[in-house]
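# What the coordinates show
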Amino acid sequence: MKYFLLVLISSFSVLAFSQESEITKEMNITYFGREHFLIEGTAIADSLKESPYDRLPISYKEKVSEPVWDLSKASAGITVRFHSNSTSISLKWTVLNDFDMPHMAATGIKGIDLYTKYNNKWRYVTTAGALVGLKTYQNKSISSDNISSDNINEYELIKNMTPEFREYKLFLPLYDGVTKLEIGIDNNASIKKATPNPLKPIVFYGTSITQGGCASRPGMAHTNIISRKLDIDCINYGFSGNGRMEMPIVELISDIDAHFYVIECLQNMDSEQVSERVRPLVDVIRTKHPLTPIFLVENMMYTTAFLDQTIETRLIQENAALKNEYDKIIKRGTPNIFYIKDNQDLLVDNEGTVDGVHLTDLGFLRYADYLIENFKVQFFKKK
């Protein structure tokens, strides 16, 4: 009988979450959906995407390769911002694939980070781990198009707070997609959608490292660290193994009115591809944005490169090809093109990666600080 009641309660919660209503109530918590918070980290309207948390419009399904399309369903760089006076914050969300990798924490792949504005700076609170929350429902049998294969997670992030209005920010999963998200607050509390950031976003285009591999939690990807430290929206077009300066993505990012662009694709390219694709990328962006700064970033030296001469030679050739194309672009008079060299200190102790290439939280923090330093020296100082 007890087991039957637990199944009945769980099924009722799953069904309640599947409803299209923007507000649902459970016990002392009221859950609010998409209309009650601001989604950032994207420049594409909800109406053009399959899910508000996708990174590419549905029209790109036929324009990009299947791997790029599948990776675009991951919510890397997508954030949610809101204000509330609740004494507790809870979440319910569904992940698309329930994806796992042996070298990356599940909290980074499919968890959600909570930050709050504290003394006018973003401060980490805690992480909701998918499938390890206070309540987790894996639904495989209920016949609903919305949730037939989704993993539905419910997690109480924080409680026992004073009932004062605070600004909150959620960083969504890096390597899995979110199909639905609801924020739970006290029944007698309020939630307010945040005001959009007046600054233009920074647009990143790159590889698995750009996407966030292998941060232990979403907030520790370098694009998200930079977003907090500069208090600016960052749009993440990192595609694991597929950041190759491909024209469909170049055309997409060129449609975004950006603060500046950061191109960090070399990990997925060889020297010939670099020589062929850098100038067309710059030309497409320059056609629509004659003066918007573009940062071209060298590949980092992998940890084995100080011993493996083949890897060292390949990386040197890739970076030389990038520098050669940059010099040609500067020589022809194209303005506001900036070059960021490999950070020799990033991996100097070989302690910044999980596998010699993909960054840990330490590596991401070092990388984010290095990029910010270059942004300030090369761009902000010139303004």
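Residues numbered from 1 in each chain as written. Predicted model: local features only at pLDDT ≥ 70, side-chain atom pairs only at ≥ 80, totals over all residues. Heavy atoms only, no water.

### Structural notes on the confidence of the model for the protein
Summing up the model confidence of the protein, the mean pLDDT is 88 and the portion of residues at 70 or higher is 86%. A low-confidence stretch, residues 1-21 (pLDDT under 50), is modelled with 22 contacts involving residues beyond four sequence positions or located in other chains. Note on residues 132-150: pLDDT is under 50 here. Beyond four places in sequence and across chains, it has 38 contacts. (pLDDT = per-residue confidence, 0-100. Contact = heavy atoms within 4.5 Å.)

### Here's the deal with the environment of V250
Topologically, V250 is positioned in helix α6 (residues 247-254). By relative accessible area, V250 is classed as buried at 0%. The spacing of V250 and L281 is 31 residues in sequence and 6.2 Å in space, taken between C-alpha atoms. Beyond its immediate chain neighbours, meaning those up to four positions away, V250 contacts Y205, M245, L281 and V284. (Helix = DSSP H or I, 4+ residues; strand = E, 2+ residues; numbered from the N terminus. Buried < 20%, exposed > 50% of the residue type's maximum accessible area, 1.4 Å probe, protein only.)

### Things to note about the nonpolar core
Core analysis: the largest hydrophobic core is formed by 38 residues, its most contacted members being L56, Y205, Y237, I253, I263 and L296. It is helix α7 (residues 271-288) that provides the largest number of residues to this core, a total of six residues. Among all residues touching I263, those that are not within four sequence positions of it are Y205, M245, I253, L281, I294, F295, L296 and V297. Of all hydrophobic cores here, the second largest spans 35 residues; its members include I209, C214, L315 and F375. (Core = buried A, V, L, I, M, F, W, Y, C linked by side-chain atoms within 4.5 Å.)

### Focus: the side chain of T353
Looking at the element boundaries, T353 is found in the loop between β17 (337-340) and α9 (361-378). Among the polar contacts listed, one links the side chain of T353 to the backbone nitrogen of D355, at a separation of 3.5 Å. Only 2.6 Å separates the side chain of T353 from the backbone nitrogen of G356, close enough to count as a polar contact. (Polar contact = N/O pair within 3.5 Å; in protein donor to acceptor, adjacent residues only side chain to side chain.)

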